[in-house]
Amino acid sequence: MIQDPILLNDWHAVLPVASLEAANNVTGARVLGEDIVIWRAGSEIRAWKDLCVHRGTRLSLGEVLPDNSLQCPYHGWTYDAAGQCVNIPAHPEQKPPTKARAIVYQATVAYDMVWVCLGEPTYDIPDFEEWDDDSYRKILCGAYEFQATGPRMVENFLDVAHFPFVHENILGTQERPEIPDYDVVTDERGITASDIRVFQPNPDGSHNPNWVTYTYKVYRPLVAYFRKEAEEKFAILLMVTPIEEVKSLMWMWMVITHGDGTDETLRAFQDEIAMQDLPIVQSQRPELLPLDLQAELHLRSDKTAIAYRRWLNDLGLTFGTS
């Protein structure tokens, strides 16, 4: 397991609840270099180290039994919802020893995603303010796998100056690449960058080029958000799953109050944006995000990224940074 105390004690979005249900309520995942099994015991989600203590088989290959226990596929050792082995089929008369226990982590559900903490949660899962508003359509995009660090991916999400070049004629145009000054505040809630304006060629589907204003927020090192400040509302919650230091999954909840396209069409739009970002982010060197502000050059348009790097440095994050 990767030993970064900030992320060990943080919540990480790991997979959609729907994918767990599709896998007969037991599946595997990887977070911070640790293989974990995600499974459902009745109405509760469990997250354990993906390891049977008998011979090291992956419990994610096993089966959830009708009594809400998890059975290893190798020798049938069976674990109750608390992680204690309660049955060894080869020795039915023998009570399993107390030390025959799974290594248990914390798990919960928020925004139809399974979130896991490998330590003791320091903070609650961030609030997604649009989630309970029924006027929004909700579309889950991803997971997008990047051979890149989580902090590099979050910083790219916060960067609007690349729109005219990486997402030309979609989110920006090289004819109007300028980024006017904007405001950034860092406090106990994280980072808020407001009044960020970008000139876009087709901001609302009308093919009427205009300025668009955004607010960006960073809640946790690997959870960020933006909303478009317009009458027709649009927002995204970004969740990065840290698999290894230089391998990550990116999930996005897109919420929108307008648009005639189907969920599949809107998801395909976000897929295109992510695939345009992927080779750029994967190419960045150093791979680890430099927290020393002297290591790279910065401009006024980089204010959100500068605030993010300073904030990570103040938190003491070591994972994915240098």
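Residues numbered from 1 in each chain as written. Predicted model: local features only at pLDDT ≥ 70, side-chain atom pairs only at ≥ 80, totals over all residues. Heavy atoms only, no water.

Caption draft 1: Spatial organisation of the nonpolar core. Core analysis: the biggest nonpolar cluster contains 65 residues, and Ile-38, Val-116, Phe-157, Tyr-216 and Tyr-308 have the highest contact counts within it. With five residues, the top contributor of residues to this core is helix H5 (residues 263–283). If you look at the next biggest cluster of nonpolar residues, it comprises 23 residues, including Ala-110, Ile-125, Phe-128 and Tyr-225. (Core = buried A, V, L, I, M, F, W, Y, C linked by side-chain atoms within 4.5 Å. Buried < 20%, exposed > 50% of the residue type's maximum accessible area, 1.4 Å probe, protein only. Helix = DSSP H or I, 4+ residues; strand = E, 2+ residues; numbered from the N terminus.)

Caption draft 2: Structural view of the packing of aromatic side chains. Tallying each qualifying case throughout the model produces 17 aromatic pairs. The structure contains a cluster of three or more aromatic residues connected by ring pairs, namely Tyr-111, Trp-115, Phe-128, Trp-131, Tyr-219, Tyr-225 and Trp-253. When the ring centre of Phe-199 is taken as origin, the NZ or CZ atom of Arg-176, which lies over that ring, is 4.6 Å away. The ring of Tyr-182 has Lys-303 sitting right over it, with the charged end atom 5.4 Å from the ring centre. (Phe/Tyr/Trp six-rings, centres within 6.5 Å; stacked < 30°, edge-to-face > 60°. Lys NZ or Arg CZ within 6 Å of the ring centre and 35° of its normal.)

Caption draft 3: Layout of the sheet that holds strand S3 (residues 34–41). An order of S1-S10-S9-S4-S3-S2 is seen for the six strands of this open sheet, with the pairing classed as antiparallel. Two strands bound the open sheet, and with one partner strand each, they are strand S1 (12–16) and strand S2 (26–31). Ignoring which end each strand starts from, the neighbouring axes of this sheet average 35 degrees apart. Where strand S4 (residues 44–49) lies against strand S9 (residues 104–110), two bridges are found, and the strand directions are antiparallel. (Pairing = 2+ DSSP bridges. Axes fitted to C-alpha atoms, helices over the stretch in contact; angles between N-to-C directions.)

Caption draft 4: Expanded view of the pattern of salt bridges. All chains considered together, the criterion is met by 18 salt bridges. Glu-21 is the partner of Arg-40 in a salt bridge, and the nearest nitrogen-oxygen pair spans 3.4 Å. Pair noted here: Arg-40 is in strand S3 and Glu-21 is in helix H2 (residues 17–22), with a separation of 19 residues, a long-range link. By relative accessible area, which is 18% here, Arg-40 ends up buried. A salt bridge links Glu-296 to Arg-152; its shortest N-O distance comes to 3.3 Å. Of the two residues, Glu-296 is situated in the loop between H5 and helix H6 (303–315) and Arg-152 in helix H3 (residues 150–158); the sequence distance between them amounts to 144 residues. (Salt bridge = Lys/Arg side-chain N within 4 Å of Asp/Glu carboxyl O.)

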